Amino acid sequence: MQFADSCSLLIKAGNGGNGVVAWRREAHYPEGGPYGGEGGKGGDVIIFGDENINSLFHLRYQKKIFADNGQNGQNKQMAGRNGQDKIIKVPVGTQIFNKKTGELIVDILKDKQEFIIAKGGIGGHGNAFFKSSLNKAPTLYENGDKGEILEVEMKLKFIADIGLVGLPNAGKSSLISCLSNARPKIANYQFTTLTPVLGTINFAKGNTLVMADIPGLIEGASEGVGLGFDFLKHIERCHILIHVISLDENDHEDIVAGYNTINNELNKYNKLLLKKQLLVVANKSDTPNAQAQLKKLKKVIKKKDGLVVVSAKEKTNLDELKSLILKLNDSYLEKKKATAKQEAVKVVEVRQKKFMPRTFTFEQDKAGRWIIHSEYLSYWLYKIPQTTKDNIFRFNQKLNNCNIDNILKKHGAKAKDTIIIDNVEFQLD
């Protein structure tokens, strides 16, 4: 399967169905009456976390994802059918941003986590809804609300307990294949691994931890050189970092320089990475001159960092390595528990309907017409089709709510002047 850890999408929820004007026409009900039903709700667009997916490749070429519109209302007060929701499955660890503002909308951190990213429009009322003692035969009806629309950018950051970092040919792929159930491609040349690899490590006590092999780290990785810039973000969620370095003198000219290269790139990308629990694994202990290389390496390793010498090829000291990993994880869990603040769990609240103030701005064109800009009036002009006397009267009430006549007259407008709202012309009283 091809790998992608980012994509952009245009997402649109379904529009609500329109209400209708209809009348009761039955033999035993001579007076009839309003009988128009309301439109169905538009479908929502829902993000769904799926632990069985490990890439955004299935979304990379879709570009647009739309939910279904609600069905229009029908006679006999029958409501239209609701539009079908659209579910977008993403890997656990996906962050979704508003592409226009850069704001983080949601972070999918759990399997089966759901989030309504675009809400469908509610259906418009039919004329049966507006029946009252004062208006027994209304011709009032509404269009359904438009569904929410937004452009998003998705970025995947793998959720793994352990991140493997190191120069190409350090033996990370061999190591993860020995410790876990991962089976990456292994070859004796640089950049064999072109995508992050995840594997699960099983321990004797029944514990399991997820390990990620992050490819492509070379000097300049934090600035976009090689593959590192694309994949460094995948270790930000790991709480244990394992720096794998080769003891084979053929893999790098200077083992100390190689060790410092990785540390420098981690520090440049995010200074917090070096504050994580770090374990140095000196691999390829079976190669000639490995002990001489190890002696050089020990001189520069920080005291706080653990060191274990292994050979993934010969499978030596792997049990010791697993034991150290488990101890680091236990230590992490204890610190996390000790420092956890007793705060209420943050819950994503259901978004309330947006409040639209009854305000407007205006300008006068060369023809003397008054061009009106108002979110409130634009909403109600779409909502109330200007096709019946009742609807025209109702929209005029919305104009009165904004005090539009008096405000414009204070700025020089006169009776019978033309005002334009969303390319629809009206006349001032």
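Owing to the predicted nature of the structure, the values given are computational and were not obtained by experimental measurement.

Some points on the overall build of the protein
Link 1 in the chain: A tally of helices and strands in the protein yields 8 helices and 18 strands.
Link 2 in the chain: Scored against the burial criterion, the 429 residues of the protein give a buried share of 47%.
Link 3 in the chain: Long-range pairs, those at least 24 residues apart, make up 71% of the contacts in the protein with a sequence separation of at least 6.
Link 4 in the chain: By element, 49% of the accessible surface of the protein is carried by carbon and sulfur atoms, the whole surface being about 23,900 Å².

Things to note about the packing of helix 6 (residues 375-383) against helix 7 (residues 389-401)
Link 1 in the chain: Between helix 6 and helix 7, whose axes approach to 10 Å, the crossing angle comes to 175°. Overall, the two elements helix 6 and helix 7 adopt an arrangement that is roughly antiparallel. In contact with Tyr376, Leu377, Trp380 and Leu381 of helix 6, helix 7 contributes Arg394, Phe395, Lys398, Leu399 and Asn401.
Link 2 in the chain: Class assignment for the residues of the contact of helix 6 with helix 7 results in 6 nonpolar, 1 polar and 2 charged.

Some thoughts on the packing of aromatic side chains
Link 1 in the chain: Per the stated rule, a full pass over the model turns up 6 aromatic pairs.
Link 2 in the chain: Between phenylalanine 360 and phenylalanine 362, the aromatic rings sit 6.1 Å apart at their centres with planes inclined by 40°, giving tilted as the arrangement.
Link 3 in the chain: On the basis of relative accessible area, phenylalanine 362 is assigned to the partly exposed category, the value being 29%.
Link 4 in the chain: An aromatic cluster is defined as three or more aromatic residues linked by ring pairs; in this entry it consists of Phe360, Phe362 and Trp370.
Link 5 in the chain: Taking the ring centre of tyrosine 382 as reference, the NZ or CZ of lysine 146 above it sits at 4.6 Å.
Link 6 in the chain: For the cation-ring pair, lysine 155 lies above phenylalanine 97, with the distance from its terminal atom to the ring centre recorded as 5.4 Å.

Examining helix 4 (residues 290-298)
Note on helix geometry: an α-helix contains 3.6 residues per turn, so any two residues three or four positions apart are oriented the same way.
Link 1 in the chain: Of the positions making up helix 4, those classed as buried are Ala290, Gln293, Leu294 and Leu297. Down the axis of helix 4, the smallest arc covering the buried residues is 100°, so these residues share one side. The outward face of helix 4, more than 90 degrees from its buried face, is lined by the exposed residues Gln291 and Lys295.
Link 2 in the chain: Elements in contact with the buried residues of helix 4: strand 12 (240-246), helix 3 (255-269), strand 13 (277-283) and strand 14 (306-309).

Quick notes on unusual backbone geometry
Link 1 in the chain: A positive phi is found at lysine 63, a non-glycine position, where the angle reads about 70°.
Link 2 in the chain: Mapped onto the secondary structure, lysine 63 falls in the loop between strand 2 (45-49) and strand 3 (64-66).
Link 3 in the chain: Unusually for a residue other than glycine, lysine 112 sits at a positive phi of about 70°.
Link 4 in the chain: In this fold, lysine 112 is placed in the loop between strand 6 (104-107) and strand 7 (114-118).

Things to note about the pattern of salt bridges
Link 1 in the chain: Taken as a whole and judged by the stated rule, the model has 12 salt bridges.
Link 2 in the chain: We note a salt bridge from arginine 237 to aspartate 107, for which the minimum N-O separation is 3.0 Å. In this pair, arginine 237 is assigned in the loop between helix 2 (228-231) and strand 12 and aspartate 107 in strand 6, connecting sequence segments 130 residues apart.
Link 3 in the chain: Of the residues examined, arginine 237 reaches a relative accessible area of 22% and is grouped as partly exposed.
Link 4 in the chain: One salt bridge in this structure joins arginine 369 and aspartate 365, with 2.7 Å as the shortest N-O distance.
Link 5 in the chain: Of the residues examined, arginine 369 reaches a relative accessible area of 31% and is grouped as partly exposed.
Link 6 in the chain: On the basis of relative accessible area, aspartate 365 is assigned to the partly exposed category, the value being 22%.
Link 7 in the chain: A cluster of three or more residues bridged by salt bridges with shared partners is formed by Glu142, Asp145, Lys383 and Arg394.

Examining the confidence of the model for the protein
Link 1 in the chain: Per-residue pLDDT for the protein averages 87, and the proportion of residues at 70 or more is 88%.
Link 2 in the chain: This stretch, residues 220-229, has a pLDDT under 50; its non-local contacts, to residues over four places away or in other chains, come to 25 contacts.
Link 3 in the chain: Every residue in residues 343-352 scores below 50 in pLDDT, and together they form 6 contacts with partners more than four places removed in sequence or on other chains.

Concerning the packing of helix 1 (residues 172-179) against helix 5 (residues 318-339)
A packed helix pair is summarised by two numbers, namely the angle formed by the two axes and the spacing between the axes.
Link 1 in the chain: One way to put it is that helix 1 packs onto helix 5 with a least axis distance of 11 Å and a crossing angle of 80°. Of the possible angle classes, the one that applies to helix 1 and helix 5 is roughly perpendicular. Contacts between helix 1 and helix 5 involve Leu175, Cys178 and Leu179 on the former and, on the latter, Leu318, Leu321 and Lys322.
Link 2 in the chain: Partitioned by chemical class, the residues of the contact of helix 1 with helix 5 number 5 nonpolar, no polar and 1 charged.

What to know about helix 7
Link 1 in the chain: With 13 residues, helix 7 should cover 18 Å at 1.5 Å per step; its first-to-last C-alpha distance of 19 Å lies within 8% of that length.
Link 2 in the chain: Looking at helix 7, one finds that the buried residues are Asn391, Arg394, Phe395, Lys398 and Leu399. The buried residues of helix 7 occupy one face: seen down the axis, they fall within an arc of 155°. Residues Lys389, Phe393 and Asn400 are exposed on helix 7 and point more than 90 degrees away from its buried face.
Link 3 in the chain: The first or second residue beyond helix 7 is asparagine 403, which carries a positive phi of 55°.

What counts, and where the lines are drawn
Residues numbered from 1 in each chain as written. Predicted model: local features only at pLDDT ≥ 70, side-chain atom pairs only at ≥ 80, totals over all residues. Heavy atoms only, no water. Helix = DSSP H or I, 4+ residues; strand = E, 2+ residues; numbered from the N terminus. Buried < 20%, exposed > 50% of the residue type's maximum accessible area, 1.4 Å probe, protein only. Contact = heavy atoms within 4.5 Å. Areas by Shrake-Rupley, 256 points an atom, 1.4 Å probe, with all protein chains shown as cover. Axes fitted to C-alpha atoms, helices over the stretch in contact; angles between N-to-C directions. Parallel < 35°, antiparallel > 145°, perpendicular 65-115°, else oblique. Nonpolar A, V, L, I, M, F, W, Y, C, P; charged D, E, K, R; others polar. Phe/Tyr/Trp six-rings, centres within 6.5 Å; stacked < 30°, edge-to-face > 60°. Lys NZ or Arg CZ within 6 Å of the ring centre and 35° of its normal. Arc of directions from axis to C-beta. Salt bridge = Lys/Arg side-chain N within 4 Å of Asp/Glu carboxyl O. pLDDT = per-residue confidence, 0-100. Expected span 1.5 Å × (residues − 1).

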